[in-house]
Amino acid sequence: MRDANKITRLILVLVSIWMVSANFVSWKATFLASSDIGSTMLVRLLNGVFSSSVLSTWYRLEHSLKKEDVINRLTISKEGALLTIPLNTKSVLANIDSVSEESNGLLVSGWIFVSSEIETAKFVIAVIGESIVGVGEIGDSRADVAAALNEERAVLSGFSFSIPGITEPHKCNLKMFALTQAMHLYQIPFYCEATGPDQVK
Amino acid sequence: MSFAEKKTIACRWLRFLLGGGINTAFTYAIYIALNLAMGYQSAYLIAYLTGVVFAYCFNAVIVFRTPLSWKGFFSYPLVYLFQYGASAMLLGILVNIWRVSETLAPLIVTVGMIPLTYVLSMLVLRTFSGDDTHRVNNKERFVRCYQIFGRWLNIGYSALVGNNITGNIFMENRNPHLNTLQINDDKFVTVSDRTCQTILAVTYCVVVIAWSSVINFNGAPDESTHFFLVEYLREFKTMPAPAGPLITFTGPLSHYSWHPGSFWYYGLPFPHVVGALFTASIGSIVLPEPFLYMGVRAFNWVLAALFVVALFRIARRVGLSQSTSVISVIIVAMIPQVSFVFAYFNSDAYGIVSVAWALSSLLAYCASPTRMRSIVLGITIGLLMLAKLYFLPGLVFLGATLVIRSSAGLIKSPRHYLEMTTSCLIFAAPMFVFTYSHFGEIFGISGQLDFVKMHKLNPNALYGTCYYLCEQGLIVWSNLLPWLESTAKSYFSVTGWMSVLIPDNYYWTALLLILILMVSALLLAIYDWQIEKRFSCDYHLPLIMILGLFPSITIFSIIASQNGLPQAQGRYLFVTIPFLAYLIVLVIKKIEDVLNNIKFSK
């Protein structure tokens, strides 16, 4: 009898464990699907805690500029200091989803994910020739990217920003770069299809 | 507390503070000395560890006077681990949310952590000291903490219920004549039942808050619609017109704007709004500006705690053991959709809880039909009547049970019905009268029809969907089957704006489990009938009504959805959730009884 009761209880425990796991899966799906994940209370609290803790200070020190960087990349002149940021040749997972024309320029949107656990891409930089024509912040919610890459860290990998004063015919001259918090620069592959013969060279 | 005890505690506190001061000076001296010979990080590490050892010895021997032990020594760093986590979190909240200066915040944290460190040190040292006297005291201290917390949660309710199994702690020394059973002499066992309720309530509150923390304002169905009345009443202290605000109105809690003509649920009782006004008032004192809307949601968190307590009472009333009751509560409360409903502001959470409490009170009354329990049942029925229309089928279950049990002679006091009705009216009538005087109706039918019309006339919603008696035929299966699938899924887990789904295997498993439950319930009913040769009011009656409730609510829901509602929603079936819990515990109890019988006959 006691064994039978034990079996009943064991089955109930298994069902309850399964239910707890279903609850967690659903909670996670709800979280990742938030329209503005950055403004959820959880993210804001975690940001608050993390950005003020000793751990965060250690993390920032550990994963920002190194002594060798200062020696090799920094030059100081009368005008001020100049930090050289070499282009990192490692490939990154990224995509420019669309470059569309808007009232005063182009609207670029896409996503980028740097697989290194210690680096986070912060900015997307649009360049024509040697001029920076637009800068966008990375951090839009992209649950689809996180799901496709099977990487939860990629959930805030999206970006969308305007490049004012650049018109459709110039879009294939654009080059896109990503700048990380550790001051590393990556080129984002951008395959542009020319829309007409009047593409400006 | 006597003067001598107060003096002892004060002296202990002074010794603790003195120890902290000495420890700081001691570790600093070590750090300075070591730093002469090694790097600052290594010096700090050694000094810090020495400080922990010093703190353990000083607090154990001088402050709390407990014996030294290896177990205590190795457990003591837990205090620091916990203290670090709590300080980091408090520091983050102070700096980033409450905007306290980064220079001042660590000082506040340091001072704030002193009592916590004191309590943690006392608990760890006394628990792991190897001194049994202190261990017992700690256990009692924990129990007392739970008792105090439990009193806050169950305030007044258990006293009214007079539940001899679960609520007797409140009744002892007050109205012992209300209890039919003697209070258990084993104090720990008696308290333990309420401890279970408290732990369940607190844990479920945490789960629901975790859910709330990932849902932005209006990140779930109709939250802004329900918020409108809370915000409007807070701001203008009067009821809005059925057509919404006369000019655009921005809520101070949610910062959401409602325009003239905005839809809101008018003409129906609003108990959840009254509750939310109360929690929002407290929330506006303690919550930072961006999260003021959480103050309104906090009412649903309280309801969540009450919900699990009600489920536990149902399980215990049916006769399950404490641990089995807890497990059955977990199974129902952790249904993702149930947690989701308690996580944002809506009226459904109130509906589910009122059904659960009414059911719990009904079982208490049926077990022992005393006058007090009839009054409590009347109150819970009154509260249930204030819930939204689609929760009212719960009343059919309650009414049918009372009528059939009375006919069977199981309830013999007609006077109770008068008391029940009176208490029900006292709780329900004022809000009905108020609502009727403002809107000329009490069930919000006009608002509901407006809501349906809104979709019926909407070309984007294809002017509603036809499910039966349509041009295509008597029943349009191509429309109905997706509706049923969507309803079944959203009964289990479809969150966000009814758009966030989880992998299909979860839905299939849930469906399988509920089918197993229902088939088991039926098989056990047949088995019971064959053995007992009689209709059981404790098993067959609730089983028939519960199993009948699911299809009847589904049919009503289809009728309501015809050419109207934009999508199927499991929420219209939520009245069944407490009954699902009841069904689970009935089946478990019956299985236990059957196994007992088999064993006995062998």
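Residues numbered from 1 in each chain as written. Chains lettered and ligands numbered in written order. Predicted model: local features only at pLDDT ≥ 70, side-chain atom pairs only at ≥ 80, totals over all residues.

**Student:** Can you tell me about unusual backbone geometry, naming the residues and giving the values?
**Tutor:** All names here are of chain B. The phi dihedral of His 255 falls on the positive side, at around 60°, and the residue is not glycine. With respect to the helices and strands, the residue His 255 is situated in the loop between strand S1 (249–250) and strand S2 (257–258). Of note in this structure, Lys 533 is not a glycine but carries a positive phi near 60°. Here Lys 533 is to be found in the loop between helix H21 (504–532) and helix H22 (540–561). The exposed category is assigned to Lys 533, around which 7 C-beta atoms lie within 10 Å. (Helix = DSSP H or I, 4+ residues; strand = E, 2+ residues; numbered from the N terminus. Buried ≥ 20, exposed ≤ 12 C-beta atoms within 10 Å, placed from the backbone.)

**Student:** Before we move on, can you summarise helix H13 (residues 322–333) of chain B with the specific residues and values?
**Tutor:** Residue and element names in this part refer to chain B. A rise of 1.5 Å per residue sets the reference length of H13, with its 12 residues, at 16 Å; its end C-alpha atoms lie 16 Å apart and thus fit the reference within 8%. Among the 12 residues of H13, 10 are classified as buried, and the element is accordingly described as predominantly covered. Turning to H13, its buried residues number three or more, namely Thr 324, Ser 325, Val 326, Ile 327, Ser 328, Val 329, Ile 330, Ile 331, Val 332 and Ala 333. (Expected span 1.5 Å × (residues − 1).)

**Student:** How would you summarise the environment of Gly 444 of chain B if you had to cite specific residues and measurements?
**Tutor:** All names here are of chain B. As for its position among the elements, Gly 444 is in the loop between helix H18 (414–439) and helix H19 (445–456). Considered as a pair, Gly 444 and Pro 269 are 175 residues apart in the sequence and their alpha carbons are 8.1 Å apart. In contact with Gly 444, not counting residues within four places along its chain, are Tyr 265, Tyr 266, Gly 267, Leu 268 and Leu 389. (Contact = placed C-beta atoms within 7 Å.)

**Student:** Summarise the packing of helix H12 (residues 293–318) of chain B against helix H23 (residues 576–601) of chain B; cite the residues concerned and give the values.
**Tutor:** All names here are of chain B. Direction vectors running N to C along H12 and H23 enclose 30°, while the axes themselves pass 9 Å from each other. In terms of their interaxial angle, H12 and H23 are classed as roughly parallel. Crossing angle aside, the handedness with which H12 passes H23 is right-handed. Two secondary-structure elements touch here, H12 through Leu 311, Ile 314, Ala 315 and Val 318 and H23 through Ala 581, Tyr 582, Val 585, Leu 586 and Lys 589. Along the lines of polarity and charge, the residues of the contact of H12 with H23 split into 8 nonpolar, no polar and 1 charged. (Axes fitted to C-alpha atoms, helices over the stretch in contact; angles between N-to-C directions. Parallel < 35°, antiparallel > 145°, perpendicular 65-115°, else oblique. Left-handed = near helix turned anticlockwise from the far one by under 90°. Nonpolar A, V, L, I, M, F, W, Y, C, P; charged D, E, K, R; others polar.)

**Student:** Explain the interface of chain B and chain A to me, and be specific about the residues and the numbers.
**Tutor:** Chain B puts 40 residues into the contact, and the matching count from chain A is 33 residues. The set of elements that each furnish at least two residues to the side of chain B that touches chain A consists of helix H4 (77–97), helix H9 (187–212), H13, helix H14 (336–343), H21 and H23 of chain B. Among the elements that line the side of chain B that touches chain A, the one with the most residues is H4 of chain B, at 8 residues. Looking at the side of chain B that touches chain A residue by residue, the classes come out as 25 nonpolar, 13 polar and 2 charged.

**Student:** Tell me about the nonpolar core, residues and numbers included.
**Tutor:** Burial of nonpolar side chains together is a common tendency in soluble globular proteins. Residues Phe 307, Val 308, Leu 311 and Val 332 of chain B are the most contacted members of the largest nonpolar core, which totals 126 residues. Per-element accounting of this core gives the leading share, 20 residues, to H12 of chain B. Leaving out residues up to four positions away in the same chain, Phe 307 of chain B has contacts with Ala 333, Ile 352, Val 353 and Ala 356 of chain B. Residues Leu 106, Phe 113, Val 124 and Met 176 of chain A belong to the second largest nonpolar core, which totals 26 residues. (Core = buried A, V, L, I, M, F, W, Y, C linked by C-beta atoms within 7 Å.)

**Student:** Help me get a handle on the sheet that holds strand S7 (residues 131–137) of chain A, residues and values and all.
**Tutor:** Residues and elements named next belong to chain A. Pairing within the open sheet is mixed, and its 5 strands lie in the order S3-S10-S9-S6-S7. The open sheet is flanked by strand S3 (87–88) and S7, the only strands paired with a single partner. Pairing of strand S6 (residues 121–128) with S7 involves 6 bridges; the strand directions are antiparallel. Considered in S7, the bridge of Val 124 is made with Gly 136. (Pairing = 2+ DSSP bridges.)

**Student:** Quick rundown of the pairing of strand S1 (residues 74–77) of chain A? Include the residues and the values.
**Tutor:** In summary, the side chains of a regular strand alternate between the two faces of the sheet. Residue and element names in this part refer to chain A. Relative to strand S2 (residues 80–83), S1 is paired through 4 bridges, and the arrangement is antiparallel. Across the sheet, the residue bridging to Ser 77 is Gly 80, located in S2. Between the antiparallel neighbours S1 and S2 lie 2 residues.

**Student:** Give a description of the confidence of the model for chain B that names residues and reports values.
**Tutor:** Residues and elements named next belong to chain B. Residues of chain B with pLDDT of at least 70 account for 85%, and the chain-wide mean is 81. For the stretch residues 145–191, pLDDT sits under 50, and the model shows 65 contacts to residues farther than four places along the chain or on other chains. The ipTM assigned to the predicted complex is 0.70, against a pTM of 0.65. (pLDDT = per-residue confidence, 0-100.)

**Student:** Describe the sheet that holds strand S4 (residues 93–102) of chain A, listing the residues and the values that go with them.
**Tutor:** One key point about sheets: their strands pair by backbone hydrogen bonds, in either a parallel or an antiparallel sense. All names here are of chain A. Read from one edge of the open sheet, 3 strands run S4-S5-S8, paired in antiparallel fashion. The open sheet has two edge strands, S4 and strand S8 (158–164), and neither has a second partner. Ignoring which end each strand starts from, the neighbouring axes of this sheet average 20° apart. Judged from the 7 bridges that link them, strand S5 (residues 105–113) and S8 form a sheet pairing that is antiparallel. Counterpart to Trp 111 in the pairing with S8 is Gly 158.

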